[in-house]
Amino acid sequence: MSRVHNFNAGPAALPLPVLELAQQELCDYRGTGMSIMEHSHRGKAYDEVHAAAIALTRELLGFGDSHEVLLLQGGASLQFAMLPMNFLPAGASADYVLTGGWSEKAFEEAKRVGTARVAATTCEDGRYRRIPKQSELALDPKAAYVHITTNNTLFGTQWHYVPETGELPLVADMSSDFLWKPIDVSRYALIYAGAQKNVGPSGLAVVIVKKSWLDKARTDIPTILRYATHAKNASLYNTPNTWGIYIMRNVLEHVKREGGLPAVERANRKKADTLYAAIDAAPDFFRCPVERDSRSTMNVGFRLPTEELEAAFVKQATERGMIGLKGHRSTGGIRASIYNAVPLASVEALVAFMGEFHKAHG
Ligand SMILES: *Cc1c(COP(=O)(O)O)cnc(C)c1O
């Protein structure tokens, strides 16, 4: 078997032990004579998996009964719509902070449902290079909620503080940095994350919602789109993505075994520091377009002197088993996504190649 160094932005790397366990259990899940995919979602075997995925999310993030954990379908993009459908009633307005392509999409979707306004944007000539400061947030004191995107997958920026929104409910799209470090869940009314960056396969979304806020949600929308429906049914209102949740459960168990979120954070910081140090060490050749205190620990973007060199860099890296380094079509350049499951060894391989490439072309 030969595994590549996977820098894909999403779907992205999964921990090898998680894949190996899935392989081992694929045809006969723990002596039950069938795959977990073939089990009833109402049966005992699957029920344990489902309950463990929810319990481990709570345990790793360290929160109690104040918030519900929901395991939904439709990825993060459905959350762009479900959030305003549930929490943006007629006559109200929601605040969106624009820091990248995904926050723009969330904002556009909210405007289809109701009234939404921009509380801050850091877009300058079509690009986002930073996270706004607290003082730049022009919040509507009556906003139904304030929406942020904690990590901007395309542009490589990340919030390194939790904005103060007073009484206003704070909502965060954490798709690309969910579980990258411990966080204080009590600061948020709702957190959502597509699973395919840090916790599992695509199509699955994790939602953490404050129960007291849930009570205020609209009830006049389709049953399947109400958070309350899924909360009441422990995310078993309809057939859930059982395979996705099985993999997620295994990822969370792996994280727990490895020392939990404090250990994950240490590993992530080490990887990001290593890569940014290599970029900063050769400012005549590598350049990070993002402001220093907004740099993402998950998606590291950088430029080379010319687009031709960038294309050659991606090509040669691919030949050496480093894949997924081409920047998003909207930003160009190089992007290395170094999510939780990407090992330090992959970052070290990339840094070594950067040195070689610089020597050959600098
Ligand atoms: C990947 C991503 C999404 C979209 O996720 P889907 O599951 O494809 O809908 C949304 N927001 C952010 C921040 C992302 O990184």
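In this report, we go over the structure that sits alongside the text.

What counts, and at which threshold
- Residues numbered from 1 in each chain as written.
- Predicted model: local features only at pLDDT ≥ 70, side-chain atom pairs only at ≥ 80, totals over all residues.
- Heavy atoms only, no water.
- Helix = DSSP H or I, 4+ residues; strand = E, 2+ residues; numbered from the N terminus.
- Rg over C-alpha atoms; globule rule 2.2 N^0.38 Å.
- Buried < 20%, exposed > 50% of the residue type's maximum accessible area, 1.4 Å probe, protein only.
- Contact = heavy atoms within 4.5 Å.
- Lys, Arg positive; Asp, Glu negative; His and termini not counted.
- Charge placed at Lys NZ, Arg CZ, Asp CG, Glu CD.
- Near = heavy atom within 4 Å.
- Polar contact = N/O pair within 3.5 Å; in protein donor to acceptor, adjacent residues only side chain to side chain.
- Areas by Shrake-Rupley, 256 points an atom, 1.4 Å probe, with all protein chains shown as cover.
- Nonpolar A, V, L, I, M, F, W, Y, C, P; charged D, E, K, R; others polar.
- Axes fitted to C-alpha atoms, helices over the stretch in contact; angles between N-to-C directions.
- Parallel < 35°, antiparallel > 145°, perpendicular 65-115°, else oblique.
- Left-handed = near helix turned anticlockwise from the far one by under 90°.
- Core = buried A, V, L, I, M, F, W, Y, C linked by side-chain atoms within 4.5 Å.
- Pairing = 2+ DSSP bridges.
- Phe/Tyr/Trp six-rings, centres within 6.5 Å; stacked < 30°, edge-to-face > 60°.
- Expected span 1.5 Å × (residues − 1).
- Arc of directions from axis to C-beta.
- Salt bridge = Lys/Arg side-chain N within 4 Å of Asp/Glu carboxyl O.

**Some details on the overall build of the chain**
A tally of regular secondary structure across the chain gives 10 helices and 15 strands. For 362 residues, the compact-globule estimate of 2.2 N^0.38 gives 21 Å, and the chain sits close to it at 21 Å. Across its three principal directions, the C-alpha atoms of the chain cover 60 × 55 × 30 Å. When burial is assessed residue by residue, the chain has 55% of its 362 residues classed as buried. Long-range pairs, those at least 24 residues apart, make up 67% of the contacts in the chain with a sequence separation of at least 6. Of the charged side chains in the chain, 40 are positive and 38 negative, and the gap between their average positions amounts to 1 Å.

**Looking at the site of the ligand**
Surrounding the ligand, one finds 13 residues, the nearest of these being S77, T153, D173, Q196 and K197. Here A76 contributes a backbone N or O atom positioned 3.1 Å from an oxygen atom of the ligand. Within the contact set of the ligand, an oxygen atom lies 2.5 Å away from a side-chain nitrogen or oxygen of T153. For the ligand, whose free accessible area comes to 380 Å², the fraction covered by protein is 88%. Considering each element in turn, the shell around the ligand owes the most residues, 4 residues, to helix 3 (residues 75-87). Its residues placed into classes, the shell around the ligand shows 3 nonpolar, 8 polar and 2 charged.

**Focus: the packing of helix 9 (residues 307-319) against helix 10 (residues 344-361)**
With their axes 11 Å apart at the nearest point, helix 9 and helix 10 run at an angle of 135 degrees to one another. Here helix 9 is positioned oblique relative to helix 10, judged by the angle of their axes. Relative to helix 10, the crossing made by helix 9 is right-handed. Within the contact between the two elements, helix 9 uses L309, A312, F313, Q316 and A317 and helix 10 uses L350, F353, M354, F357 and H361. Among the residues making up the contact of helix 9 with helix 10, the classes are represented as 8 nonpolar, 2 polar and no charged.

**Quick notes on the nonpolar core**
The biggest cluster of nonpolar side chains holds 50 residues, and the ones touching the most others in it are L61, L71, V97, F178 and I208. With 8 residues, helix 2 (residues 44-61) is the largest single contributor of residues to this core. Counting 34 residues, the second largest nonpolar core, distinct from the first, contains A76, A110, A144 and V207.

**Structural notes on the pairing of strand 15 (residues 334-337)**
Regular strands show a simple pattern: their side chains alternate between the two faces of the sheet. Taking every second residue as pointing to the same face, both faces of strand 15 are buried, with I334 and A336 on one and R335 and S337 on the other. In the sheet, strand 13 (residues 299-302) pairs with strand 15 via 4 bridges, with the strands oriented antiparallel. If you follow F302 over to strand 15, its bridge partner there is I334.

**What about the packing of aromatic side chains?**
Under the criterion given, the structure shown has 18 aromatic pairs. Between the aromatic rings of Y128 and F155, the centroid separation amounts to 5.3 Å while the plane-to-plane angle is 70 degrees, which identifies the pairing as edge-to-face. Of the two residues, Y128 sits in strand 6 (residues 127-128) while F155 sits in the loop between strand 8 (151-152) and strand 9 (157-158), which places them 27 residues apart along the sequence. Here Y128 matches F155 in class, with each residue buried. With centroids separated by 6.3 Å and ring planes inclined at 50 degrees, the aromatic side chains of F285 and F357 adopt a geometry described as tilted. You can see F285 sitting in the loop between helix 8 (260-280) and strand 13 and its partner F357 sitting in helix 10, a full 72 residues away along the chain.

**Here we look at helix 10**
The first and last C-alpha atoms of helix 10 sit 26 Å apart over 18 residues, in line with the 26 Å expected at 1.5 Å per residue. All of the buried residues along helix 10 are S346, V347, L350, F353, M354 and F357. On an axial view of helix 10, the arc spanned by its buried residues comes to 125 degrees, and they lie on one face. Those residues of helix 10 that are buried lie in contact with strand 1 (5-6), helix 8, strand 13, helix 9, strand 14 (322-323) and strand 15.

**Examining the pattern of salt bridges**
When the charged atoms of two side chains lie near each other, side chains of opposite charge can form a pair. Taken as a whole and assessed by the stated rule, the structure comprises 17 salt bridges. Across the pair R30 and E25 runs a salt bridge whose closest N-O atoms are separated by 2.7 Å. By relative accessible area, R30 is classed as partly exposed at 47%. Residue E25 is classed as buried on the basis of its relative accessible area of 8%. Of the charged contacts in the structure, one is a salt bridge between D95 and R117, with a shortest N-O distance of 2.7 Å. Taken as a pair, D95 in strand 3 (residues 93-98) and R117 in strand 4 (residues 115-121) lie far apart in primary sequence, 22 residues in all. Taking relative accessible area as the criterion, D95 reaches 0% and is therefore assigned buried. For R117, a relative accessible area of 31% corresponds to the partly exposed category. Beyond isolated ion pairs, a larger network of salt bridges with shared partners links D280, R292 and R295.

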